[in-house]
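Commentary on secondary and tertiary structure
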Amino acid sequence: MTLEDESIEISKDEDITVDDEEVAERKSTIDSWKNLKFMPNKKRFIILSILFSVLELAGLLIFAYSLITEDFPTGLYDFGLFILAPSFGLILSYFVENKKEAIAISSINGGSSIFISLIIYIITEATLEFPDSLNVSFFFFGIPVMMLLVQIAVAYTMARVRRLYYRYGDSTEYRDSDEAMIKELRESRIKRGIELEPKEDQEVRTEDYEISDSE
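Thresholds applied
- Residues numbered from 1 in each chain as written.
- Predicted model: local features only at pLDDT ≥ 70, side-chain atom pairs only at ≥ 80, totals over all residues.
- Heavy atoms only, no water.
- Core = buried A, V, L, I, M, F, W, Y, C linked by side-chain atoms within 4.5 Å.
- Buried < 20%, exposed > 50% of the residue type's maximum accessible area, 1.4 Å probe, protein only.
- Helix = DSSP H or I, 4+ residues; strand = E, 2+ residues; numbered from the N terminus.
- Contact = heavy atoms within 4.5 Å.
- Patch = residues over 30% accessible without salt bridge, like charges linked within 9 Å, V, L, I, M, F, W, Y side chains within 5 Å.
- Areas by Shrake-Rupley, 256 points an atom, 1.4 Å probe, with all protein chains shown as cover.
- Salt bridge = Lys/Arg side-chain N within 4 Å of Asp/Glu carboxyl O.
- Axes fitted to C-alpha atoms, helices over the stretch in contact; angles between N-to-C directions.
- Parallel < 35°, antiparallel > 145°, perpendicular 65-115°, else oblique.
- Left-handed = near helix turned anticlockwise from the far one by under 90°.

Observations concerning the nonpolar core
Core analysis: the biggest nonpolar cluster contains 26 residues, and Tyr 77, Leu 81 and Leu 92 have the highest contact counts within it. Contributing elements (two or more residues each) for this core: helix 2 (42-66), helix 3 (77-95), helix 4 (99-128) and helix 5 (138-169). Per element, the largest residue contribution to this core is seven residues, and it comes from helix 5. Each residue touching Leu 92, except ones within four places of it in the same chain, is listed here: Leu 48, Phe 52, Ala 102, Ile 105, Ser 106 and Ala 155.

The structure is reproduced here in structure tokens:
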């Protein structure tokens, strides 16, 4: 084996080592699901759960009762589910980056508000016969469950996207790998004569020469 072959193999090994280090560094920047805290901030968790539950419940009741017309004698409760559930999941992800916390809060506020509104809707129809008689079927309960899952999925997905953007997409975030790459490119440009050596480095280099000459 010639010296050139050995140097090529060494450089390949170094590249593989660097790639492995970069992969490990990237994996470490994204918190593992097991390492994520379920409730990073207890006060925020309670406030967001209560606030979103009240707002979503109020919105569902408004769609159910205030929008009753001749064309829609039972209100627009289903339409409210399709609008509010994904919207609240999206809004929630703005306040929460932790994926576990996003799922927990969206499950609590979505489940409580959707099913409390559904119970109120059933009770008022059974006791007051208002709105018009309900067509109770699989879809009557299936749609709320489906939209609850949609809300949780939206909250989880957007919380993950925000976290990934914060790690890799934010140009203002400082990274050691970026600094090392810039330094390597600058050294390469200096060697090829495209860029001049920084004045500070030139002064240090001349001082070293003067010391060596004096010795």
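Read on, since the account is not over.
A closer look at a nonpolar patch on the surface
The grouping of Phe 79, Phe 82, Ile 83 and Met 146 at the surface amounts to a nonpolar patch, some 370 Å² of accessible area in total. Within the secondary structure, Phe 79 sits in helix 3.

Points about the packing of helix 2 against helix 3
Geometrically, a packed helix pair is captured by the angle between its two axes and the distance between the axes. As a packed pair, helix 2 and helix 3 sit with axes 9 Å apart at the nearest point and diverge in direction by 160 degrees. In this view, helix 2 runs roughly antiparallel relative to helix 3, as classed from their interaxial angle. When the axes of helix 2 and helix 3 are compared, the crossing they make is right-handed. Residues Arg 44, Leu 48, Phe 52, Leu 55, Glu 56, Gly 59, Leu 60, Phe 63 and Ala 64 of helix 2 touch helix 3, and the partners they reach there are Tyr 77, Phe 79, Gly 80, Leu 81, Leu 84, Ala 85, Phe 88, Ile 91, Leu 92 and Phe 95.

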